[in-house]
Amino acid sequence: MERSLFRYILRHTWRDQSFLLVLTCISFPLIYINLELPKRIVNNAIQGKNIPETLFGFPVSQVSYLMSLSILLLALITINGGLKYWINVYAGVVGERTLRRMRHDLYQQVLRFPLPQFKTMSAGEIIPMIVAETEPVGGFIGDAVVLPIFQGGLLLTYLVFIFNQDLWLGLAAVALYPPQVYLIPKLQRRINLLAKERVQTARQLSDRIGESVAGFAEIRGNDTLELERADISSRLGRIYAIRYEIYKRKFFVKFLNNFLAQITPFFFYSVGGYLVIKGSLSLGALVAVLAAYKDILSPWKELLAWYSTKEDVRIKHEQIVSQFDPPGMLDLKLLEDPPKEIPPLAGDIAASALSYSENGTTNKVDRMTFRIAPGEHVAMVGTGYSGKEELAQLVARLNLPTGGRLSVANVNFNDIHQAVPGRRVAYAAQNAHIFTGTLAHNLYYGLKHAPVHPFPYDEEAEKLHQRDVRDSIAAGNSPYDIRADWIDYDGAGVADQAELTAMAIRVLGIVDMERAVIGYGLASTVDPDVHPSLAAKAVEARARVRSRAAREGLEACVEFFDRDTYFDNMTIAENILFGTPRHPDFQPATLASNPEIIALLRDVGLLDDLYEGGAKIAALMVEIFADVAPDSELFEQYSFITSEDLPEFKVLLSKFNKGGIGAITERDKARLLALTFRLIRSRHRLGILDEAMPKRLVAARQEFARRFDGRDDICEFFQPDRFSAALTIQDNILFGRFAFDQANAQARISTLVRDIASEEGLNGDLVRIGLEFDVGTGGSRLAYSERQRLAMARALMKNGDILVFNEPTSGLDPATELRVLRAVLAWAKGRTVLWSLSRAELAREFDRVLVFAEGQLVEEGAFAKLERDGKALPQLVA
C-alpha cells in the first residue's frame, strides 16, 4: 500500500482534484471584482464622482448607478457562495469516497496477513486503525489539494488588491508573514512527534483493555483488580502527559498567529490614515483595504490549520500503513482475478525438504520429505509442538513454506492462485472460527466464492442497487452484491437448493449434529403461510402424539390443550388467555393492570377472590422470607416477591388487613392480582385455589374468548385445528404443556415429539428451519463441541478433493469422536485425507501414519507395523 499520503491521494483522485481546481480558479476573478466593487460604490456612486452617462445604452443617474453596482455586488456574492458550496460538497464526496477506498484497502491488507501476524497483532489494534484512525485522514483527503489552492488563491487575490491600492499598505499586510512561515513549521515538528507517540500509546491502551476483557475471569479469580487498574492508570497518565504537552505547544502556535495578526491593523490605521490625510490615498481605498484585510485573515488561518492537519494526518497515515505491511504477506496477484476454471487437485501431495519458520530462526517444520498418494487417508500424530499443526496449515495453504517445496499434482503450492486451495482443499481445526449469523451461513460458507444468482430487485430497488454498484467501483470497492445468492451449487456437486439441503442433512448426520439442528428447528416459530405443508403436518401429528403418549404410559407427563379444561401446569393468567398474547397490554407482566381484564374478572365475579388470593400469597411470602438474607438465592428460586419489594408488601398487607381491598390503591391492587396470576397449581401448593376456582377460571377464559374473538392482534387462541405462529413447532405438535410434577417429563415428551416429527416426514423442513438458528457472536450460542462439528460439516460441504483436519474432534467425548471420525472417513473414500489427531490410538483407522517430533517426521507407515516395530508411535499410544 502507498506510504506517501499525497501520492495515494493523487493516484486515486487526480481527476476529481483537477475538477475542483477548475472550480477554484473560476472563483478568483469573481472574488477580485467583489473586492473592487465596494471601492467603486464608495468613491464613485456615493460621492458622485466619475459616474458614466449611460450603462448598456440606458441613461444613468447617481442613484441608479448605486443600485446597479449594489445589485451586481449581490449577484457576485451569490455566485461566489454557490461556487464555494459546490466546491465544499464535491470535496466532501471525494474525501468520503477515498476514505471508503482506504478502509477497503486496509481490510484487504489484513486478508493478506500471514497467520503468525495475528499472534502479535490483536483485533483491538487492527479495528481502531481501520475504523477510527482513518477518519481524520478521510476528512483531510477532500481538502488536500483544493483547500491550499483555494485559500492560497484567496490570500493572493486579497494581497494583489491591497498592493494595487498602495505599495506601503501591501508591505504592511505581508510584513509579519515571514516570521510565521519560519516559526510555525519548527513548532509543528515537535507537535507531530508528540502526536505520533500519542497514537502509539493509545493503540497499546486499546490492546491492553481488550486483553483485560478477554481475561476478565482470571482477573477476578486471582484478585488482581488493583494490578490491572494500576496498569491502565499508568497508561492513561502517559496519554495525559503527552496531550498536555501537545496542548501547550498547539495553543502557543495559535497565540502567536493571533498576536501577529492583530498587530497588522496598527500599520493600516497609522500609515493608511496618514496617507489619507495627506491626500495620497482615497478614503474608499482605505476602507476597501481594511475590508480586504479582514477577509485575508480567514484564508491565512485556514492555511495554517491545513498545514497543522496535514502534518497530523501524514503521521497517522504513515503509522497506519506501516502496521499493515508486515513481512510474509500473500502476493496480491494470488488473490485477485481467480481463474475461470478451477482445476481439481487430483495427484500426489509431495514435500521435499519442506521447512516453515515463524521467526526466521527456529523451524516449526524442519526439512520434511514425504509423499501422499491420491485418495490415501493419512493420520498425523505427535506431541503439542511436533509440527503436525503447522504442516496441516501448509497443506491447506494457510501458511507458505519458508524453505523447500510443497507440491500437489506436480504444481508448486507457492505459485497457484488462492482460489485453487480455497475451493479444492477443505480445512477444519479445533478452534475454527464460527461467524456471527445463522447455522446456514456457517455451513455453506465454504461455497460462497462469488455471486451465482442476482437478487430479484424490483424496478426502483434495481436503480438504487446500480447506483450503489457505481459508487463501489468509483471507490475501488467490491462491486458484488452481498444480497445475491453466493452458493456455488456446482462446486458442492448439487443442482439446486433442495439438493443442497439434502446434502446438508447427510453431512450433519455424519458429524453427529443432525439431531441438534432438528432441535433448533423444533424450538423455532414459523409463519404457516410461508410453510403451509409443515403447518398441516404439525396439526395432523397432534392426534398421533396423544395416542402414542397414551400407549406408552406418558399421559401423566403432559397436559394436552382443551378449551374446557383448567391446566394445572399453566399460570392463572395463561389459563385465562388460553393463547399467545400479541398486544403489549395483554402480556403477563402487564395483564394485572389492564382495565379490560379487570372489568372482565369483575363481571364474572372473580376479581375480589383473586385480590384475596394475592393477599394470601403476599402474607405467606412475607412470613417465610422475613428472616432470609436479601442476596439469598431462595428469593429467585421460590419467592413471588423480590427482597427489594418485601418491605413494601408488608406495608400493603397492613393496610389490607385493617381496611380490606378498599383501603389500598389501584396500583397495590394490581400488585396483588399479579401475584395471583403467577400461580401454577401443580408447582405452587399454597392452598390458595379451592375446588371451585378452576371451573370459574375456565368460565372467565370462555368469556375472554367471546369478547376478543377474531382479534389475533390481542391474543392468538389455541385451537386444535390451527397452527399457531406464536408457538414453537414443537409446542404446535405437542399442543400441550409438560407436567412439572413428573420426573423427566420434558425429556421424555420431547423425544416422543421428535420421533413423531420424523415419522411425519418433517425432518427436512426442520433442518432447513434449524439452519436459520442464530449462532450468536463468534458462535457463542453453540457448545464447544457443536462449534467443532459445525466446522467439520462446513469442510465436508465444500466437496473438496483434499480434506485437511487439525484436531477438529478434540472437544468430543471419545465414543462420539470415534463415531464421527469413522463416518467422515467413510464419506471421504476416494478423497485424500490428512488428519492431525489429538489421540494417537485413533490412527489405526487410517491407511498410513506420519509421526512427528520437534518439527521433524520421525517415522511413517501402517499403524500395525509402527505399533509393533516403531519407537515413537508406541510411546504416543501408551
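On a predicted model such as this, the values are computed, not experimentally measured, just so you know.

A. Fine view of the packing of helix H21 (residues 595-603) against helix H26 (residues 693-707). Contact geometry of H21 with H26 gives a least axis separation of 10 Å together with a crossing angle of 130°. As judged from the angle between their axes, H21 and H26 are oblique. By crossing handedness, the relation of H21 to H26 is classed as right-handed. The segment H21 lies against H26, with Glu596, Ile597, Ala599, Leu600, Leu601 and Asp603 engaging Ala700, Glu703, Phe704 and Arg707.

B. Inspection of the pairing of strand S18 (residues 856-861) at higher detail. As paired strands, strand S17 (residues 848-853) and S18 are joined by five bridges and run antiparallel to one another. Bridging across to S18, Val851 finds its partner in Glu859. Adjacent in sequence and paired antiparallel, S17 and S18 are bridged by two residues, among which Glu854 carries a positive phi angle near 50°.

C. Here's a closer look at the pairing of strand S8 (residues 425-429). Where burial is concerned, most of S8 is hidden: four out of the five residues are buried. In this sheet, strand S15 (residues 802-806) lies alongside S8 in parallel orientation, the contact comprising five bridges. Note on S15: the bridge partner recorded for Ala428 is Phe805.

D. Representation of the nonpolar core within the structure. With 85 residues, the main nonpolar core has Leu439, Ile733, Leu771, Phe805 and Trp835 as its most contacted residues. No other element matches helix H30 (residues 784-797), which puts seven residues into this core. Contacts of Trp835, omitting those with residues within four sequence positions, involve Val378, Ala379, Met380, Met792, Phe805, Pro808, Thr809, Leu821, Val824, Leu825 and Phe846. Grouped together as the second largest cluster of nonpolar side chains are 48 residues, Leu600, Leu606, Phe649 and Phe708 included.

E. Spotlight on unusual backbone geometry. A positive phi angle is found at Asp337, which is not glycine, with a value near 50°. Along the chain, Asp337 turns up in the loop between helix H11 (283-323) and strand S3 (349-357). A positive phi angle is found at Arg397, which is not glycine, with a value near 60°. Within the element layout of this structure, Arg397 appears in the loop between helix H12 (388-395) and strand S6 (403-408).

Criteria and thresholds
Residues numbered from 1 in each chain as written. Predicted model: local features only at pLDDT ≥ 70, side-chain atom pairs only at ≥ 80, totals over all residues. Heavy atoms only, no water. Axes fitted to C-alpha atoms, helices over the stretch in contact; angles between N-to-C directions. Helix = DSSP H or I, 4+ residues; strand = E, 2+ residues; numbered from the N terminus. Parallel < 35°, antiparallel > 145°, perpendicular 65-115°, else oblique. Left-handed = near helix turned anticlockwise from the far one by under 90°. Contact = heavy atoms within 4.5 Å. Pairing = 2+ DSSP bridges. Buried < 20%, exposed > 50% of the residue type's maximum accessible area, 1.4 Å probe, protein only. Core = buried A, V, L, I, M, F, W, Y, C linked by side-chain atoms within 4.5 Å.

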